[in-house]
Amino acid sequence: MTKSVIEVSDLVVEYQSSKGSVRAVDGLDLHIAAGEVYALLGENGAGKTSTVEVIEGHRRRLSGQVKVLGIDPAATGRDRRELRDQIGIVLQASGIEPEITAREALTLVRSPYRNPRTIDEVVELVDLREFVDQRVSTLSGGQRRRLDLAVAVIGRPKVLFLDEPTTGFDPSARRRAWDLISTLRAGGTTILLTTHYLEEAEFLADRVGVISRGRMLIEGSPRDLQQAHGQRVMSVDIVGGGSGVDEDLQAGLSQALAGVAEEIEWIGSRVHVTSSDTNAALERLTKWAAASGVILNEWSIERPSLEQVFLKVNSDEIEGDSRG
Amino acid sequence: MVDLQPWPRPLSLIVQQAAHQLRLFVRVPVAVFFTIALPFVVLLVINATSGERFFNDANGDWPVDAFVCVAISAFTAVSATFTNLANMVPIRREEGVLQRWRSTPLPVWVLVGGHVVSAVVISVLCTTFMLGVGVAFYGVSVPLMSIPAVVMTLLVATLSFAAMGMAVAAVVPTASAASGIANAIILPMALISNVFIPMEEPPVVVEVLANVFPLRPFVDALQAPLHPVDPAAAPHWDRLAVIAAWGAVGFIVAVRQFRWNVTPGGSTRRRRSASQQG
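Described below are features of the structure shown in this document. Once a new chain begins, its residue numbering starts again from 1 and follows that chain's sequence as written. Chains and ligands are labelled by the order in which they are written, letters from A for the one and numbers from 1 for the other. Totals for whole chains, interfaces and linings use all residues, but because this is a predicted model, local features are given only for residues with pLDDT of at least 70 and pairs of side-chain atoms are given and counted only at 80 or more. Side-chain calculation: all heavy atoms of the structure are included, whereas hydrogens and water are not.

**Focus: the overall build of chain B**
Then step 1. The way it works is that DSSP assigns letters per residue, a run of H or I at least four long becomes a helix, a run of E at least two long becomes a strand, and they are numbered from the N terminus. Per the secondary structure count, chain B includes eleven helices and two strands.
Then step 2. If you list the helices and strands of chain B from N to C, you get α-α-β-β-α-α-α-α-α-α-α-α-α.
Then step 3. Taking the principal axes of its C-alpha atoms as reference, chain B extends roughly 70 × 40 × 30 Å.
Then step 4. Burial classification: accessible surface area is computed with a 1.4 Å probe over protein chains only, and a residue below 20% of its type maximum counts as buried, one above 50% as exposed, and the rest as partly exposed. Scored against the burial criterion, the 278 residues of chain B give a buried share of 51%.
Then step 5. Considering only residue pairs separated by 6 or more positions, chain B has 81% of its internal contacts joining residues 24 or more positions apart.
Then step 6. All accessible-area figures derive from a Shrake-Rupley calculation using a 1.4 Å probe, and residue coverage is judged against the displayed protein chains alone. About 12400 Å² of surface is accessible on chain B, with carbon and sulfur atoms providing 69% of the total.
Then step 7. Of the side chains in chain B, 16 bear a positive and 13 a negative charge, and the two mean positions are spaced by 28 Å. We call two residues contacting when some pair of their heavy atoms lies within 4.5 Å. Positive charge is attributed to Lys and Arg, negative charge to Asp and Glu, and no charge count is given to His or to the chain ends. Taken as the charge location is NZ of Lys, CZ of Arg, CG of Asp or CD of Glu.

Below, the structure is given as structure tokens:
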């Protein structure tokens, strides 16, 4: 089994608010293997930021075990420095003085690392050439985020934390950032990512965890989640049912698919059938078509997007709570 | 696998951090204005209106323009350390700069040391400039035998006021409050410490208060070796002790209350709104 570089067991985080103590993370487990890209998803307030901040060593925990590269991120002194030398963090707030140039920022930030990348290497890697000698105050939002990425990778980190790394990017900049993350991953960097863009998680992550109210709801590869937690949507055009699809035909199909279709939606002569068991639905549909004398045309069966899975898991959680 | 290199030398890191802070200082016009330009203009205005008057202290008469020049030189050192750090560190905290460094292997003491060393360097440069103006235009004399006492006084005072500046930076709630709080502390202190208004016979309350707080002891300790009639060769140790005591309190508060960020955590939305407010 591949060794975990991030190990979190039974993590509990609380913070004080005007209404007393609030439990932001409530018994969370998380294990991320070397070289893995892991995306942590959750709605605002779900606890993902608190979780990541504890793993980064930027927040205290109430209880639980946390190790990154075998070191407790809450460590001080030599262990702290050792860990910081091997991780990179993209913070939401850039943290670079607006009065200096990108090159000056990179030169300074690389100074405390033992094996930093060269400035030229990072400029090339993150594609900063067009603005590396401009002051940070003159950079656009997207350019600043690229500089943030550059600053995070200049120490040649083994583990990289990306907190919403492409927020504010235009589509082409986002694609470039994805390429960079893919390149880092190919070089063996372990990456923990939080994002609001589910297609980003779908594109980049080996595994995805969805957290809600401080707990892990589901976890797995994007594909596994789509298969395990989402239905498939079957779409087919009904031909030969006369001038339109009459009510009898629609009622007949509903009867034929009773028990296997969660949802049936007609748009003109095309029907969309949402089902967790597409094999059974398909079998019944073809039998019904043969018996009714219609032809099934222009088939497709698609997996739901990660977004549909995410929304379903979250709505199930809320429904479960309201019932409970 | 890359072979690990040894850690960079702390001295080299401090020099880089201090050089970085100096570069930032010269690129922030408002910092340059308040640290050097404003005290210089105040010096010109006060001395343009003071005439040929003398200030009498226990050791003899000072021409008022020389007296005020040395006093404002001390005040400039305080602006460069106390006011500058109390203003700029909270701004950097709100910009996320401190949190950024917290994510790196830079030791905390190097980060703080870089700020302090740069403040001390700015302070020494500005004070030297002001004393130079005094020598050139206001009859200030700097006897060779007094230089060790001047240097020792500047060293103790700049480090102590830097520590006090870091303490204020640690406890102020926001960057926008920092400037007001720093000035609310230092300007009244300056008014009772012979900086802008030389007082030969101040009320007892003012005299007592001035001697309890650290600015008047600094002004006295810098003036003593530069006295036109009877310059002291040795540092004014009792005055330096008062300044150092305040510096020690500042150091303890700064270490205990130091904060890396303004947002104690919570959800993304809260952090965003907090950083936007900053």
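**Focus: helix α9 (residues 215-223) of chain B**
Then step 1. Of all nine residues that make up α9(B), nine are buried, and the element is covered over most of its length.
Then step 2. If you check which residues of α9(B) are buried, you get Leu215(B), Arg216(B), Pro217(B), Phe218(B), Val219(B), Asp220(B), Ala221(B), Leu222(B) and Gln223(B).

**Looking at unusual backbone geometry**
Then step 1. A positive phi angle, close to 60°, is found at Asp127(A), a residue other than glycine.
Then step 2. Locating Asp127(A) in the fold gives a position in the loop between α4 (119-126) and α5 (141-153).
Then step 3. Its relative accessible area of 24% is what places Asp127(A) among the partly exposed residues.
Then step 4. A positive phi angle, close to 65°, is found at Asn194(B), a residue other than glycine.

**Regarding the environment of Leu13(B)**
Then step 1. With respect to the helices and strands, the residue Leu13(B) is situated in helix α1 (residues 10-27).
Then step 2. Distance in space between the C-alpha atoms of Leu13(B) and Gly114(B) is 8.2 Å, their sequence separation being 101 residues.
Then step 3. Not counting residues up to four positions away in its chain, the partners in contact with Leu13(B) are Arg81(A), Ser111(A), Pro112(A), Pro8(B), Leu106(B), Pro107(B) and Val110(B).

**Let's talk about the pattern of salt bridges**
Residues and elements named next belong to chain A.
Then step 1. We define a salt bridge as a contact between a side-chain nitrogen of Lys or Arg and a carboxyl oxygen of Asp or Glu at a distance within 4 Å. Taken as a whole and assessed by the stated rule, the structure comprises 28 salt bridges over all chains.
Then step 2. Here Glu14 ties to Arg23 by a salt bridge, and the two come within 3.0 Å at their closest N and O atoms.
Then step 3. Note on Glu14: relative accessible area 26%, which makes it partly exposed.
Then step 4. A salt bridge links Asp85 to Arg114; the shortest N-O distance between them is 3.1 Å. Here the residue Asp85 occupies a position in helix α2 (residues 77-86), and Arg114 occupies one in the loop between α3 (102-109) and α4, the gap between them amounting to 29 residues.
Then step 5. With a relative accessible area of 11%, Arg114 lands in the buried category.

**Some words on the pairing of strand β1 (residues 4-17) of chain A**
A regular strand carries its side chains on alternate faces of the sheet.
Residues and elements named next belong to chain A.
Then step 1. Bridge analysis of β1 against strand β2 (residues 20-33) gives eleven bridges, and the strand direction is antiparallel. Pairing of Tyr15 across the sheet is with Val22, part of β2.
Then step 2. Counting the residues between successive antiparallel strands, the hairpin from β1 to β2 contains two residues.
Then step 3. By this definition, two strands are paired if DSSP reports at least two bridges between them. Sheet topology note: the β1/strand β4 (residues 63-68) ladder contains five bridges and is antiparallel. Following the sheet pairing, Ser9 is matched in β4 by Gln65.

**A word on the sheet that holds β1(A)**
All names here are of chain A.
Then step 1. In space, the three strands of this open sheet follow the order β2-β1-β4, with antiparallel pairing throughout. Both outer strands of the open sheet, β2 and β4, are each paired with one neighbouring strand and no more. Adjacent strand axes in the sheet meet at a mean angle of 25°, parallel and antiparallel pairs treated alike.
Then step 2. Here an angle of 0 to 180 degrees is reported between the N-to-C directions of two axes, which are lines fitted to C-alpha atoms, with helices fitted over the stretch in contact. Here helix α1 (residues 48-56) sits on the sheet and contacts β1, β2 and β4; the angle it forms with β1, its principal contact strand, is near 120°.

**Comments concerning the pairing of strand β7 (residues 190-194) of chain A**
All names here are of chain A.
Then step 1. In terms of burial, β7 is a largely internal element, five of the five residues being buried.
Then step 2. By the alternation rule, side chains of β7 split into Thr190, Leu192 and Thr194 and Ile191 and Leu193, which are all buried.
Then step 3. With four bridges joining them, strand β3 (residues 37-41) and β7 adopt parallel strand pairing. In the sheet register, Ala39 faces β7, and the bridge partner there is Leu193.
Then step 4. Across five bridges, the pairing between strand β6 (residues 159-163) and β7 is parallel. Along β7, the bridge assignment pairs Val159 with Thr190.
Then step 5. With helix α6 (residues 171-186) bridging β6 and its parallel neighbour β7, the resulting β-α-β unit is right-handed. Look down the strands so they point away from you; if the path from the first strand over the helix to the second goes clockwise, the crossover is right-handed.

**Describing the sheet that holds strand β12 (residues 270-275) of chain A**
Residue and element names in this part refer to chain A.
Then step 1. Sheet architecture is open: four strands sit in the order β11-β12-β10-β13, paired in antiparallel fashion. Of all the strands in the sheet, just β11 (263-267) and β13 (295-302) have a single pairing partner and so form its edges. Within this sheet the neighbouring strands show an average axis-to-axis angle of 20°, counted without direction.
Then step 2. Bridge analysis of β11 against β12 gives five bridges, and the strand direction is antiparallel. Looking across to β12, one finds that Glu263 is bridged to Thr274.

**Overview of the nonpolar core**
Then step 1. Counting residues in hydrophobic clusters, the biggest one holds 71 residues, and the most contacted among them are Leu106(A), Leu128(A), Leu147(A) and Val208(A).
Then step 2. Apart from the residues lying within four places of it in its own chain, the contact partners of Leu147(A) are Ile96(A), Ala102(A), Leu106(A), Leu128(A), Val136(A) and Leu139(A).
Then step 3. Nonpolar cores were defined as sets of buried Ala, Val, Leu, Ile, Met, Phe, Trp, Tyr and Cys residues, with membership established by side-chain atoms within 4.5 Å. Formed by 53 residues, the second largest nonpolar core is a distinct cluster that contains Val28(B), Leu131(B), Val156(B) and Met189(B).

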